[in-house]
Structure formats: C-alpha cells, structure tokens
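# Observations on the model geometry
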Amino acid sequence: MVRSGVLLTPRDRAMLAWIGRHGIVTPEQLARRFFARSDGDLGMRVAYRRFAKLESLGLMRRDATPHSRSPHVIRLTQAGATAGEIDIAPARLVEPEIRHSLALVDLMEELTAEHPDCTVRTEREIRTDRWHERSSGTRRPGRGRTPDGELTLASGKVVAVELDLTPKRTKDFERILRSYKQERFNQVWWYVLPGTLPRLMRVVADNRADDYVEVRPWAG
C-alpha cells in the first residue's frame, strides 16, 4: 500500500495504469507518453524525478536488461497495480521477450496516435479478460489466437494487431492464420520486418486470407 500521507496525482495513477497495461516499458517511452513538451522535447529530468518518487513508494521498479538500446525497463509492483486500479497482475521480466514487448509499446502508441478515436486493448488486457470469460463459462478454452493488441475503431470495426519480429516458417504463418479464422475480428493488421513482407503477403494470398489480413511493414 502507499504510505499514509503520500498524495498520488491523477497523472501518477494514469502512469501506473499505462505501465500495467503494457507490462514493461522504458523510461523514454513513459516520458514520451506523459512528459512530452510542447516543443516536442521530452522532459526527462522531471520524468526521472517522478519515477524515482514512485519507485521509492514501492509502486514501480526498474530492472537492468542486456539490451543496449533499452538498458533499463520499468514495471509495476503489486502495490503499483493496486494504486493504478488495474485488474492485471504485474508483469514478469522474461529476457527473450523484452525486444518484442518494447516494440509493441511503440507500435500501439503509434496506432493510437493515428486513430485518436479508437479504443485500445493490450495483449495483457485481452488475456486477462479472456481468463475472466473462461472462469465464468462464457468462453471455451483454446479458442482462436490472442493478438498482440486490439483496436476498436470509431466505425465499430475491431482490428487485431500482430507484431512479428522473428523469422518463421511458412507453416508457422499458416498456423497463425488458421487460429485467427477462429476469432471474430473484422481485420488483422500483421506487422513484420520489411524483409519478411513479400513472403508473408504470398502466404496470406495463397491461404485466401487477404480479404481481412493486411500485411504491413514494421521498421520501428
């Protein structure tokens, strides 16, 4: 719990909720979201002071990573999840997943900026919601694929977001396509590295999925 007498600001609670929804973020990503200045610069000094305060309160923690581009990441403690009022457990730090997790934060933020009227769910939110649905008996186990993110656009269209940064065999791509066919998304936006783009586009076309799967380049 937060120590008695310590006042958390609405921005503090929004920061905690945002971290919890994504799981892990870098200090720069958090500063870009909450401390960007009108001139486009990031207020990193102010941001780090606030990070240190929330860390001292036991609401967030910083972890070192082996990645040179993101030597430290931030994640919540259980007290931070409670203070942020989110029904998602704090993320575990899994080193092989760090690169994908951080790239996904950038992608979802980019899509949110492109579609300001959309509603966003992160993968962690989707998994938590599905767990509750299975527990209540409203969702059967094993159905379909859990996307890396989800956008509900102003039009009502629900878009699954898939981010693929690792090489895959054709049959692995086809397995993912089959699992999406078990879901009810209106469209899938599948982001891959530019070198993978032509092959995945062929796989999607060969499987007659190009009417609802849009392959997009990701160079983030």
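Quantities reported herein were computed from a predicted structural model and do not represent experimental measurements. (Residues numbered from 1 in each chain as written. Predicted model: local features only at pLDDT ≥ 70, side-chain atom pairs only at ≥ 80, totals over all residues. Heavy atoms only, no water.)

## A closer look at the pattern of salt bridges
Under the defined criterion, the tally for this structure stands at 15 salt bridges. For the salt bridge of Arg-32 with Asp-106, the shortest nitrogen-to-oxygen distance reads 3.6 Å. Taken together, the residues span a long stretch of sequence, with Arg-32 in helix 2 (residues 27-34) and Asp-106 in helix 5 (residues 98-114) at a distance of 74 residues. When its relative accessible area of 46% is taken as the criterion, Arg-32 is described as partly exposed. For Asp-106, a relative accessible area of 32% translates into the label partly exposed. With a closest N to O distance of 3.4 Å, Glu-183 and Arg-130 form a salt bridge. One end of the pair, Glu-183, is in the loop between helix 7 (170-181) and strand 6 (187-192); the other, Arg-130, is in helix 6 (residues 123-136), and 53 residues separate them in sequence. Comparing Glu-183 with Arg-130 shows no difference in burial state: the two are buried. Linked by salt bridges that have partners in common, Arg-61, Asp-63 and Arg-75 make up one network. (Salt bridge = Lys/Arg side-chain N within 4 Å of Asp/Glu carboxyl O. Helix = DSSP H or I, 4+ residues; strand = E, 2+ residues; numbered from the N terminus. Buried < 20%, exposed > 50% of the residue type's maximum accessible area, 1.4 Å probe, protein only.)

## Quick notes on the side chain of Arg-216
With respect to the secondary-structure elements, Arg-216 resides in strand 7 (residues 213-217). In this view, Arg-216 contacts Leu-111, Trp-189, Trp-190, Tyr-191, Val-192 and Leu-197; residues no more than four positions away in its chain are not counted. (Contact = heavy atoms within 4.5 Å.)

## Some points on the sheet that holds strand 3 (residues 119-122)
Reading across from one edge, 3-4-5-6-7 is the order of the 5 strands in this open sheet, with mixed pairing throughout. The sheet terminates laterally at strand 3 and strand 7, the two strands that pair on one side only. For this sheet, the mean angle separating the axes of adjacent strands, direction not counted, is 20 degrees. In the sheet, strand 4 (residues 149-152) pairs with strand 5 (residues 158-164) via 4 bridges, with the strands oriented antiparallel. (Pairing = 2+ DSSP bridges. Axes fitted to C-alpha atoms, helices over the stretch in contact; angles between N-to-C directions.)

From the geometry alone we can't say anything about function, so treat these as descriptive.
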